[in-house]
Amino acid sequence: LAPDAELTSGARYLGQPIGSTDFITSFLTSKLSTFQRHALDLHRGISDLQTCAQLFRTCTQLTTTHLLASDFYAHASLIDHLDPRLWSSPFTDAINATTFEFFKKLSGTTLPPYACSLLHFPAGLGGLGGRSPTLATTGSFVIPYARSIFLAIRGVTDSSGCIAHLPSTHQHVLLTWQTHPG
């Protein structure tokens, strides 16, 4: 590789920012700006309120979902007492604020603070069924991470039934990891 091929701040790989905290934060901020612009475009371009709400919930809102794990990775170490059920970061706070403002504008009225909870409550139970980044972020990081550790210890089976294992020195390091409540 040429000397200019060296990455010093970060890169995007399969849609995920990988690199320094500054690089990831900048990347998330740019994706957040796109999310906010798309939310505004829906209001400008679609007059039917139900269609507008449905497109936001099933399309626009999902443009940030794959980035929640990156947000957790970049910012979890900056938090002293992490409550996995109540994740908060500038990225997720801005997604929540944009979502609330979107539906506030859609309703044409002032919404009470508890309306935000209804935005993320399941549609089958009377809510709008949107995904809450506050509740989804920790799981979007921890579940794939735990699965990766499990596969690193147990091995990965390919389609022919062959199991590929990490070297035992790597497995041994992962076997000593433990979890503990609070």
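Residues numbered from 1 in each chain as written. Predicted model: local features only at pLDDT ≥ 70, side-chain atom pairs only at ≥ 80, totals over all residues. Heavy atoms only, no water.

*Asks:* Just to check I follow, could you spell out the packing of aromatic side chains for this structure?
*Replies:* Aromatic ring pairs are described here by two measures, namely the spacing of the ring centres and the angle between the planes. With the rule as written, the count across this model stands at 8 aromatic pairs. Note on F56 and F102: the rings are 4.1 Å apart at their centroids and 15 degrees apart in plane angle, and the pair reads as stacked. With F56 in helix α2 (residues 49-60) and F102 in helix α4 (residues 90-107), this residue pair connects regions lying 46 residues apart in the sequence. Under the relative-accessibility criterion, F56 is labelled buried at 0%. (Phe/Tyr/Trp six-rings, centres within 6.5 Å; stacked < 30°, edge-to-face > 60°. Helix = DSSP H or I, 4+ residues; strand = E, 2+ residues; numbered from the N terminus. Buried < 20%, exposed > 50% of the residue type's maximum accessible area, 1.4 Å probe, protein only.)

*Asks:* Before we go on, may I ask you to explain the pairing of strand β1 (residues 10-13) in this structure?
*Replies:* Where a strand is regular, its side chains alternate between the two sheet faces. Pairing of β1 with strand β2 (residues 16-19) involves 4 bridges; the strand directions are antiparallel. Looking at β2, one finds that G10 is bridged to G19. In sequence, β1 turns back onto β2 through a hairpin of 2 residues, with L14 there showing a positive phi of about 50 degrees. (Pairing = 2+ DSSP bridges.)

*Asks:* Can you help me understand the nonpolar core in this one?
*Replies:* A general tendency of soluble globular proteins is for nonpolar side chains to be buried together. Among the nonpolar cores identified, the biggest contains 24 residues, and L32, F56, F91, I95, F102, F103 and L106 are the most heavily contacted of them. Secondary structure elements with two or more residues in this core: α1 (21-45), α2, α3 (68-75), α4 and α5 (115-119). Those residues within four positions of L106 in sequence are excluded, and the remaining contacts are H43, L49, C52 and A53. If you look at the next biggest cluster of nonpolar residues, it comprises 5 residues, including A69, A76, W87 and F141. (Core = buried A, V, L, I, M, F, W, Y, C linked by side-chain atoms within 4.5 Å. Contact = heavy atoms within 4.5 Å.)

*Asks:* Is there a simple way to explain the pattern of salt bridges in this structure?
*Replies:* Once their charged atoms are close, side chains differing in charge can pair, the charge on each being opposite to the other. Under the defined criterion, the tally for this structure stands at 2 salt bridges. Across the salt bridge formed by D41 and R44, the nearest N and O atoms sit 3.3 Å from each other. Placement of the pair is D41 and R44 together in helix α1, with a separation of 3 residues, close to one helical turn. Linking K104 and E101 is a salt bridge whose minimum nitrogen-to-oxygen distance equals 4.0 Å. With K104 and E101 both in helix α4 and 3 residues apart, the pair spans about one turn of that helix. A relative accessible area of 29% means that K104 is categorised as partly exposed. (Salt bridge = Lys/Arg side-chain N within 4 Å of Asp/Glu carboxyl O.)

*Asks:* Would you explain α1 in this entry?
*Replies:* Every α-helix winds through 3.6 residues per turn, so residues three or four apart in the chain are directed the same way. Over its 25 residues, α1 runs 36 Å from end to end, which matches the ideal 36 Å to within 8%, given 1.5 Å per residue. When we look at burial in α1, the residues that qualify are I24, F27, L28, L32, F35, A39, L42 and H43. Buried residues along α1 sit in contact with β1, β2, α2, α3 and α4. (Expected span 1.5 Å × (residues − 1).)

*Asks:* Would you mind going over α4 with me for this structure?
*Replies:* The end-to-end C-alpha separation of α4 is 25 Å, in line with the 26 Å expected for 18 residues at 1.5 Å each. Within the span of α4, buried status applies to F91, T92, A94, I95, N96, T98, T99, F100, F102, F103 and L106. The inward-facing, buried residues of α4 abut α1, α2, α3, α5 and α6 (133-154). G108 lies just past α4 and shows a positive phi near 70 degrees.

*Asks:* What is the right way to read unusual backbone geometry from this model?
*Replies:* A negative phi angle characterises most non-glycine residues, just as the trans form characterises most peptide bonds. Residues other than glycine seldom take positive phi values, yet L14 does so here, at roughly 50 degrees. Considering the arrangement of structural elements, one finds L14 in the loop between β1 and β2. Taking relative accessible area as the criterion, L14 reaches 74% and is therefore assigned exposed.

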